[in-house]
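If you want the building blocks of each chain, they are given just below.
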Amino acid sequence: MALIPFSFAVGFDLDMTLIDSRPGIRECYRALADRTGTYIDADLAVSRLGPPLGEELANWFPAERVEEVVELYREMYPEYAITPTPAMPGAREAISAVREAGGRAIVVTAKYEPSAKLHLAHLGIEPDAVIGGLWAEQKALALREHEAAVYVGDHVGDVRGARAAGALSVAVTGGPCDAAELREAGADVILADLTEFPRWFSDYRSDGSAARA
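Predicted model, so just to flag it, every value in this text is computed and none were measured.

Caption draft 1: Structural view of unusual backbone geometry. One non-glycine residue with positive phi stands out, namely M16, at about 65°. With respect to the element layout, M16 can be found in the loop between β1 (9–12) and α1 (22–36).

Here you go:
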């Protein structure tokens, strides 16, 4: 994908920020449980999305099997998880708001990068870059590399990543962390969801008055 000239970039998390990955991940966990003969509470697992896959699988499999099961899950993921997964409300409009303002929209996620790209392609969401496999403070590596001024996410780990990168942390409350948790973690801005992002972003670009809404 060609990169556009930019004076700023905005980073977005993926799961529960741009996409509601719960239906697809639930189906994949259920299929994984059937394949391995191991009980997995799929509803519980999807209630705490955000951290790397291996951390969740460690709740259901012995440590010596986690790496093997991570690979199996990733192999199964395209079949079970892509089609059932919708975009979050306002996701496309949020990406468009950044690009229409002359900036670059990047996705920085803990999700396996090929899976992240499959989701975005299926939904017709076209960021300027997708960087996977980064969690919490690790996200700062990509945010700094792409000169992101803002990072938008739903988890306290996303707030930590933004702060580590020196980016403004914008948090949405559609994921497992509520507004109080996100604020306590250091979020600069709290939005109910991405439908509020274009107006906030317009104000932020105009005069910075929304920078600590």
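There's plenty left to go through after this.
Caption draft 2: The arrangement of the pattern of salt bridges in detail. Under the counting rule described, the total for this entry stands at 13 salt bridges. For the salt bridge of R99 with D128, the shortest nitrogen-to-oxygen distance reads 3.2 Å. Taken together, the residues R99 in helix α5 (residues 91–100) and D128 in the loop between α6 (113–123) and β3 (129–131) connect sequence positions 29 residues apart. Residue E113 pairs with K117 through a salt bridge whose shortest N-O separation is 3.2 Å. With a gap of 4 residues between them, E113 and K117 both fall in helix α6, about one helical turn apart. Salt bridges linked by common partners bring R26, E27, R30 and D43 together as one network.

Caption draft 3: Up close: the pairing of strand β5 (residues 168–172). Across the 5 residues that make up β5, a large majority, 5, are buried. For the crossover that starts at strand β4 (residues 148–153), traverses helix α8 (residues 156–165) and ends in the parallel β5, the hand is right-handed. Of the strand pairs in this sheet, β5 and strand β6 (residues 189–191) are connected by 3 bridges, and their pairing is parallel. The residue of β6 that forms the bridge with V172 is L191.

Caption draft 4: Main features of the sheet that holds strand β2 (residues 104–108). Strand order in the open sheet made by the 6 strands is β3-β2-β1-β4-β5-β6, with parallel pairing throughout. This sheet does not close on itself; its edge strands, each paired only once, are β3 and β6. Averaged over all pairs of adjacent strands, the angle between strand axes in this sheet comes to 20°, irrespective of strand direction. Relative to β5, β4 runs parallel, the two being bridged by 4 bridges. For G153, the partnering residue across the bridge sits in β5 and is A171. Sitting on the sheet, helix α10 (residues 197–207) is in contact with β1, β4, β5 and β6, with an inclination near 160° to β4.

Reading the values: rules and limits
- Residues numbered from 1 in each chain as written.
- Predicted model: local features only at pLDDT ≥ 70, side-chain atom pairs only at ≥ 80, totals over all residues.
- Heavy atoms only, no water.
- Helix = DSSP H or I, 4+ residues; strand = E, 2+ residues; numbered from the N terminus.
- Salt bridge = Lys/Arg side-chain N within 4 Å of Asp/Glu carboxyl O.
- Buried < 20%, exposed > 50% of the residue type's maximum accessible area, 1.4 Å probe, protein only.
- Right-handed = clockwise from strand over helix to strand, strands pointing away.
- Pairing = 2+ DSSP bridges.
- Axes fitted to C-alpha atoms, helices over the stretch in contact; angles between N-to-C directions.
- Contact = heavy atoms within 4.5 Å.

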